[in-house]
2 protein chains.
Amino acid sequence: MAPKAEDRRVKRTRKLLRDALLDLMLEKGYEAVTVQTIVDRANVGRSTFYAHFLDKRDLLESGHEQLRSALSREQPAAPGLLAFSLPMFRHAQANHRLYRSLVVKGGGAAVTEMAQRTIADLVQGELAALLPPGATPPVPLELVVLHVVSSFLALLQWWLDHNMPHQPEEMDRLFRALVMPSLTALGWAP
Amino acid sequence: MAPKAEDRRVKRTRKLLRDALLDLMLEKGYEAVTVQTIVDRANVGRSTFYAHFLDKRDLLESGHEQLRSALSREQPAAPGLLAFSLPMFRHAQANHRLYRSLVVKGGGAAVTEMAQRTIADLVQGELAALLPPGATPPVPLELVVLHVVSSFLALLQWWLDHNMPHQPEEMDRLFRALVMPSLTALGWAP
DNA sequence: TCAATAAAAGACAATGTGTCCAATTGCTCA
DNA sequence: TGAGCAATTGGACACATTGTCTTTTATTGA
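For every chain, the first residue of the written sequence is number 1, and numbering continues from 1 along that sequence. Throughout, the order in which chains and ligands are written sets their labels, letters from A for the former and numbers from 1 for the latter. With pLDDT at 70 or above as the cut-off, local features in this predicted model cover only qualifying residues; side-chain atom pairs require 80 or more to be listed or tallied, and sums for whole chains, interfaces and linings still use all residues. For the side-chain quantities, the full set of heavy atoms in the structure was used; hydrogens and water were omitted.

1. Some thoughts on the overall build of chain A
- Secondary structure summary: chain A contains nine helices and zero strands in total.
- Surface summary for chain A: the accessible area is close to 9,600 Å², and the carbon and sulfur share equals 56%. Helix and strand definitions follow DSSP, with helices as H or I runs of at least four residues and strands as E runs of at least two, each counted in order from the N terminus. Note on areas: Shrake-Rupley, 1.4 Å probe, and residue coverage restricted to the protein chains presented here.

2. Here's the deal with the interface of chain B and chain A
- Contact definition: two residues touch when any of their heavy atoms are within 4.5 Å. Counting residues at the interface gives 24 residues for chain B, matched by 24 residues for chain A.
- Here the quantity called buried area is the accessible surface, traced with a 1.4 Å probe, that two parts lose on coming together, added over both. When the area that chain B buries against chain A is broken down by residue, the three leading residues are Leu143, His147 and Leu178 of chain B, summing to 27%.
- By definition, a salt bridge exists where a carboxyl oxygen of Asp or Glu is found within 4 Å of a side-chain nitrogen of Lys or Arg. Run the count over chain B and chain A and you get zero salt bridges.
- Within 3.5 Å is the distance limit for a polar contact, defined as a pair of N or O atoms, with the added protein rule that one can donate a hydrogen and the other accept it, and that residues adjacent in sequence qualify only through two side-chain atoms. Across the contact surface, chain B and chain A share eight residue pairs in polar contact (both at pLDDT 80 or more).
- Only helix H8 (141–161) and helix H9 (168–185) of chain B provide two or more residues apiece to the side of chain B that touches chain A.
- Polar here means any residue other than Ala, Val, Leu, Ile, Met, Phe, Trp, Tyr, Cys and Pro, which are nonpolar, and Asp, Glu, Lys and Arg, which are charged; Gly is therefore polar. When the residues that make up the side of chain B that touches chain A are grouped by side-chain class, the tally is 16 nonpolar, five polar and three charged.

3. Quick notes on the pattern of salt bridges
- If you walk through the whole model with that rule in mind, you get 16 salt bridges over all chains.
- Between Glu27 of chain B and Arg41 of chain B there is a salt bridge, and its shortest N-O distance comes to 3.1 Å. Of this pair, Glu27 of chain B sits in helix H1 (residues 5–28) while Arg41 of chain B sits in helix H2 (residues 35–42), and the two are 14 residues apart along the sequence.
- Each residue is assigned to one of three classes by its accessible area relative to the maximum for its type, calculated with a 1.4 Å probe on protein chains only: buried under 20%, partly exposed between the two thresholds, exposed over 50%. You can call Arg41 of chain B partly exposed: its relative accessible area is 38%.
- Beyond isolated ion pairs, a larger network of salt bridges with shared partners links Asp23, Glu27, Arg41 and Arg97 of chain A.

Pasting the structure below:
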């Protein structure tokens, strides 16, 4: 079905607002951005904003939706353990402006939590699948996931914060060097 | 020198405000707390607040100062690698109300950064000392530190979030199980 | 008791929020 | 093309919060 004109109009408005938010986040960080400045920057009426989103947080999350779907769309099912790592570093490089806004300049707790949850789901699935059924690992799966995800996010943030001084492949190598030995020791086959 | 009465009065007021902030942070998280609710809870005049602190953030940081000094006062120099771990889990247990306010309910980026920096200093010192001089580790020290600290904080946060279901000793064991194998593999002696 | 200091009370201008409505624009389809 | 509809606008609204001031009220040490 062809998108109706209204759809296009709405889509454009929403995009304007999302872009404005990203712009402003890059400049001053999420917390400091107000709805007022967003609509000013986007050249959109204040009421229009509230016609589309509940509040600033809602707008941010709609952006995250986009990111999430873009990511899963581009995520080539890489084989092996921690498959998400390299594709995500690549995706972060390709969209570093977006990632910087979100991860670095402090999307604040809001964004960090979303990222945490998204990646945790991936890791959880991977590790659970590789766990011999019935086996009880010496460290609860939940904590292993937490450990892996927080390490990955820390690395990603550092990388973006330092203007990506390495290639994604190198970051992936570093991540694995930091994480894999422990995983192996805890019972996940090499 | 005996504290003058004025001093005591001031001290009491500041403590009332700090405690009120912690209370409220536990209830709704840092972001949601307003100066107004703080002074209401503390039964302190609004102007008095501004006589003592610049703003909410300033009050929060004054609390962190306290925490930091308390920590270094109680930190018994434990031997071995990652010596900070067990004492800090213990300290967190002994002061869980304080830790919960700060770490869990989201002191927001502010607190997290402060904690990150504090612990990173400890870890950095430890690891650098154990590094064979002249050796170039396969992963830069900076990143190893990042990895260790973010993992530790994630564990600590999880523990507090779940009402400390294990003893500090068990948490220390889990932390080491997650981190040590990789450190060993990267050249830090077992 | 008195002078000094701390705190309280409350007014103030700014700024932001979220809601509402009336008027306008732009698009589609008949 | 033009009627009708949906999206958008602009602005007013009530409300909350911030940070600054000034004036009054206590507390306390000398």
